[in-house]
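Listed below, chain by chain, are the residues.
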Amino acid sequence: MLEAPDVVLIERSSGKRIDPVTGDVYHVTFMWPESEEVAQRLETPRTLMPVQVMSQKLQKYHTEAHALKRTYHNCLKIINADQPHVDVFSQVLNFICTPRHSPSPYTPRILLFGPPGAGKSLQAKLIAQKYGIINICCGELLKAVSADESHMGELIKPYLESEQQVPSSIVLRVLTERLSRMDCTARGWVLHGFPRDVEEAELLHKSNFTPNRVFFLEITDDIAIERLALRAVDPVTGEWYHSVYKPPPGPEVQARLRFNPQHSEAQLLMRLKEYWSQTVRLQAFYPQAVYINADQDPHTVFESLESRLVGQLPKVLSNQQTNEN
């Protein structure tokens, strides 16, 4: 990314002159012709922008440049362009010729599966933080879209308000739009909450969003219920507590804790039954998947995930890919 002060850029633009005979471009400050004859016939380019328009374009560029820097931060070199062009070229060439090293040896496209309470959200957050990739929780994505006033948001909102499952076709439209954005394309992604069954996995594959790492986080139903049914949130601070692993600091906090109705034992047993009913087929669809014991300390689980992330890409193709070939 070439950068220079706005004053310099405006001066460069406004000082351009063109020779109508040869088409050569000159500048009143930096490159004036030696020939007086050429100097006398120079004209201001018709495409020269007024200073006010140039300032507006620079302001828009700076707004977009901030997002571009975040997107390409893993491979970005910012070069001061307010110096002779020979020096700028030398720095650009040097950067191009220097081997780049990244903590991730490939563009990660990661799927996380697991029953409720397996820690998918936490592990996705840790992976995203470590490798600078995009963390996409399908449920949170749908909530975000439903909160805006777009046509898609209006379609999703009734399903979420009535706590019904959003149809796969709608979820896929929202998800593929998000995965197609530049940050996901350039940096990679870790996805959880979708696909929920083999039919959705096939739809995802047909949309050309094929994961190159698939993990199943495994815990027993008893552990899942223990982790979630005993969790509660403090509505004042937003802090989460657990009756066994992280008790509230005092009776005052204990009295105001709120339990999630979806984390009742009856609700969890229904969700677990639904998860296991789809898991066998999903495991068959992703034969290259890695199975991680999630009944451990979160950082131990992350180390297990990370050891598989930086290894060689799997050579086993999914059933869908094999059939297509």
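Before any of the text, the structure's been laid out above.
Residues numbered from 1 in each chain as written. Predicted model: local features only at pLDDT ≥ 70, side-chain atom pairs only at ≥ 80, totals over all residues. Heavy atoms only, no water.

A. Fine view of the packing of aromatic side chains. Taken as a whole and judged by the stated rule, the model has five aromatic pairs. Each ring, one from phenylalanine 216 and one from tyrosine 291, has its centre 5.4 Å from the other, and the planes form 15°; the classification is stacked. One end of the pair, phenylalanine 216, is in strand β8 (residues 213-218); the other, tyrosine 291, is in strand β11 (residues 290-293), and 75 residues separate them in sequence. A ring pair is formed by tyrosine 275 and tryptophan 276, whose centres lie 4.9 Å apart and whose planes are at 70°; its orientation type is edge-to-face. Judged by relative accessible area, tyrosine 275 falls into the buried class, the value being 16%. Among the aromatic residues, those joined into a ring-pair cluster are Phe113, Phe216, Phe285, Tyr286 and Tyr291. A cation sits over an aromatic face here: arginine 231 above tryptophan 240, 4.2 Å from the ring centre. (Phe/Tyr/Trp six-rings, centres within 6.5 Å; stacked < 30°, edge-to-face > 60°. Helix = DSSP H or I, 4+ residues; strand = E, 2+ residues; numbered from the N terminus. Buried < 20%, exposed > 50% of the residue type's maximum accessible area, 1.4 Å probe, protein only. Lys NZ or Arg CZ within 6 Å of the ring centre and 35° of its normal.)

B. Examining helix α1 (residues 6-14) more closely. All buried positions along α1 are accounted for by Val8, Ile10 and Ser13. Buried residues along α1 sit against β2 (16-18) and α3 (51-71). (Contact = heavy atoms within 4.5 Å.)

C. Layout of helix α11 (residues 221-229). Listed as buried for α11 are Ile223, Ala224, Ile225, Arg227 and Leu228. Looking at the buried side of α11, the elements it contacts are β9 (231-233), β10 (240-242) and α13 (265-285).

Remember, this is a structural readout, not a statement about activity or role.
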